[in-house]
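What follows is the residue order along each chain.
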Amino acid sequence: MTTTLPILGQTPVLPAGPQMLDDAARATVHGTPFGLYVHVPFCATRCGYCDFNTYTSDELGPGANRSEYAATAIAELELAARVLGPEPPEISTVFVGGGTPTLLPAADLVAVLARARELFPVAADVEVTTEANPESVTPESLDVLRAGGFTRISLGMQSAAPHVLAVLDRRHTPGRAAEAAREARGAGFEHVNLDLIYGAPGETDADWDLSLQAVLDAPVDHVSAYALIVEQGTKLARRVARGELPMPDDDVLADRYEQADRVLRGAGLEWYEVSNWATDRAARCRHNELYWANAHWWGIGPGAHSHVGGLRWWNVKHPAAYAGRLAAGEHPAAGAERLTPEDVALETVMLGLRLRDGLPLSALSDVGRARAEHAVARGLLEPAAHAAGRAVLTDRGRLLADALVRDLTD
């Protein structure tokens, strides 16, 4: 079980200052990948399926509006450098997510990255990603981002079918995502990803095939495809509850996944995580691999999570509260916990099993290893890999990955 750390007033004790990360915790971040995540909480509109910590208003209070946000994020970057000093870890990846980061001027995103380079050593081959909605970038803004050090872009395409985009409350036209991908390549981005969502109400087999073909017609080297999840509290959940839209069908979702895997692999994109395909190892998202390996990262922004040296904390969610904390010289964390060895072992299995290389059987408990043998018999784990001491998902196992994780970790 995690151990919740003490709270003084509304501000967690940890990690409010350098003294709260002991030397042992700091030592763990050297020699292993370390990343920065920067959360930009602004969206032009809220998509009906989205439950992320995002806000549509441009004005959310002093320090929390778009025009001031880069300076606010930089204030937390400076706090991170103080906490992790005097010898901060080398940054291997930076990921700017949201929300829609590219609602901010490209120059603002570049300014945040430039300040990170001033505060931290940065790997020569650092991967720097920004998420973007297709309608929120232009050739000019992409040029500024690429010149400013961004190497990778992840565009939210979701679907190429107009009526599916409408159900999801997406604003871009069907062809805009592929066009933005071409513009990103033209600006010199080394890696371009398109995100897809499958299983939306009203989506047909032909719609999904159209989306996959549109991806393959774009100059991408990475594709992410996720089953639609109806999250509680969202507009989509309310529409489903009222009977306006049906719940996604599990059998349809499985068919869509198998179709995506067949088409993408046929075009030379191989899966390396259950929901992610890449043309080669260089095209994989190294920042996400850092998460899946339970490595170390500092999350900048309202609601962002961090993990350093076995300590995990999360920031206050509202941008105005976040900005107010930093303006007052306080840490913006809302809560924190210390991971136990049991927590780390559990998360290693939960994350590692979803990867193409799987994980060593030694990472499982005695009960988990016994269940893994049964999973081989059921066709969910590769027999040859199991004989060699690893738990590796079969194609069928990928369809049932979440259930299998629960089975092996209970």
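Small disclaimer: the values here were computed from a predicted structure and weren't measured.

1. Here we look at the domain arrangement of the chain
- One can read the domain layout of the chain as domain 1 (20–338) and domain 2 (341–408).
- Across the boundary between the two partners, domain 1 contributes 18 residues, which contact 14 residues of domain 2.
- Both faces combined, the contact of domain 1 with domain 2 buries some 1,400 Å², and carbon together with sulfur accounts for 48% of it.
- Of all residues in domain 1, Trp271, Val274 and Trp292 give up the largest surface area on contact with domain 2, accounting jointly for 40% of the area buried on that side.

2. Here we look at the nonpolar core
- If you look at the biggest cluster of nonpolar residues, it comprises 97 residues, and the most contacted ones within it are Phe150, Leu155, Phe189, Trp298, Leu353 and Leu381.
- The biggest single contributor to this core is helix α2 (residues 66–84), with 10 residues.
- Here this core spans two domains, and each of domain 1 (20–338) and domain 2 (341–408) adds at least three residues to it.
- With near-sequence residues (within four places) excluded, Trp298 lies in contact with Phe34, Gly35, Leu36, Tyr37, Glu76, Ala80, Val83, Leu84, Ser306, Trp313 and His331.
- In terms of nonpolar packing, the next biggest core, distinct from the first, is built from 12 residues, Val164, Val167, Ala200 and Leu228 among them.

3. Things to note about the side chain of Glu203
- One can find Glu203 in the loop between β8 (191–198) and α7 (205–217).
- Polar side-chain contacts of Glu203 include one of 2.8 Å to the backbone nitrogen of Gly199.
- With near-sequence residues (within four places) excluded, Glu203 lies in contact with His163, Val164, Ile197, Tyr198, Trp208 and Arg256.

4. Some details on the environment of His318
- Checked against the element boundaries, His318 lands in the loop between β14 (311–315) and α11 (319–327).
- His318 sits in the partly exposed class, given a relative accessible area of 34%.
- Here the alpha-carbon distance between His318 and Val110, two residues 208 residues apart in the chain, equals 24 Å.
- In this structure His318 touches Tyr55, Leu60 and Pro302, once residues within four positions along its chain are discounted.
- Within polar-contact distance, the side chain of His318 engages the backbone nitrogen of Ala320 at 3.0 Å.

5. Some details on the packing of α2 against α11
- One way to put it is that α2 packs onto α11 with a least axis distance of 10 Å and a crossing angle of 55 degrees. Our classification of the angle between α2 and α11 gives oblique. Taken as a pair, α2 and α11 cross one another with a handedness that is left-handed. Seen from α2, the contacting residues are Tyr69, Thr72, Ala73, Ala75, Glu76 and Leu79; seen from α11, they are Tyr322, Ala323 and Leu326.
- Across the contact of α2 with α11, the residue classes tally to seven nonpolar, one polar and one charged.

6. Considerations on the pattern of salt bridges
- Overall, the coordinates contain 25 salt bridges when judged by the stated rule.
- The partner of Arg185 in a salt bridge is Asp221, with the nearest N and O atoms 3.7 Å apart. In this pair, Arg185 is assigned in helix α6 (residues 176–187) and Asp221 in the loop between α7 and β9 (222–227), connecting sequence segments 36 residues apart.
- Under the relative-accessibility criterion, Asp221 is labelled buried at 7%.
- For Glu203, the salt bridge goes to Arg256, with nearest N and O atoms at 2.8 Å. Taken together, the residues Glu203 in the loop between β8 and α7 and Arg256 in helix α9 (residues 250–266) connect sequence positions 53 residues apart.
- The class of Glu203 is buried, set by a relative accessible area of 9%.
- Salt bridges sharing partners connect three or more residues here, namely Asp261, Arg265, Glu270, Arg356, Asp395 and Arg398.

What counts and how
Residues numbered from 1 in each chain as written. Predicted model: local features only at pLDDT ≥ 70, side-chain atom pairs only at ≥ 80, totals over all residues. Heavy atoms only, no water. Domains from an automatic or database assignment. Contact = heavy atoms within 4.5 Å. Buried area = accessible area lost by both parts, 1.4 Å probe. Core = buried A, V, L, I, M, F, W, Y, C linked by side-chain atoms within 4.5 Å. Buried < 20%, exposed > 50% of the residue type's maximum accessible area, 1.4 Å probe, protein only. Helix = DSSP H or I, 4+ residues; strand = E, 2+ residues; numbered from the N terminus. Polar contact = N/O pair within 3.5 Å; in protein donor to acceptor, adjacent residues only side chain to side chain. Axes fitted to C-alpha atoms, helices over the stretch in contact; angles between N-to-C directions. Parallel < 35°, antiparallel > 145°, perpendicular 65-115°, else oblique. Left-handed = near helix turned anticlockwise from the far one by under 90°. Nonpolar A, V, L, I, M, F, W, Y, C, P; charged D, E, K, R; others polar. Salt bridge = Lys/Arg side-chain N within 4 Å of Asp/Glu carboxyl O.

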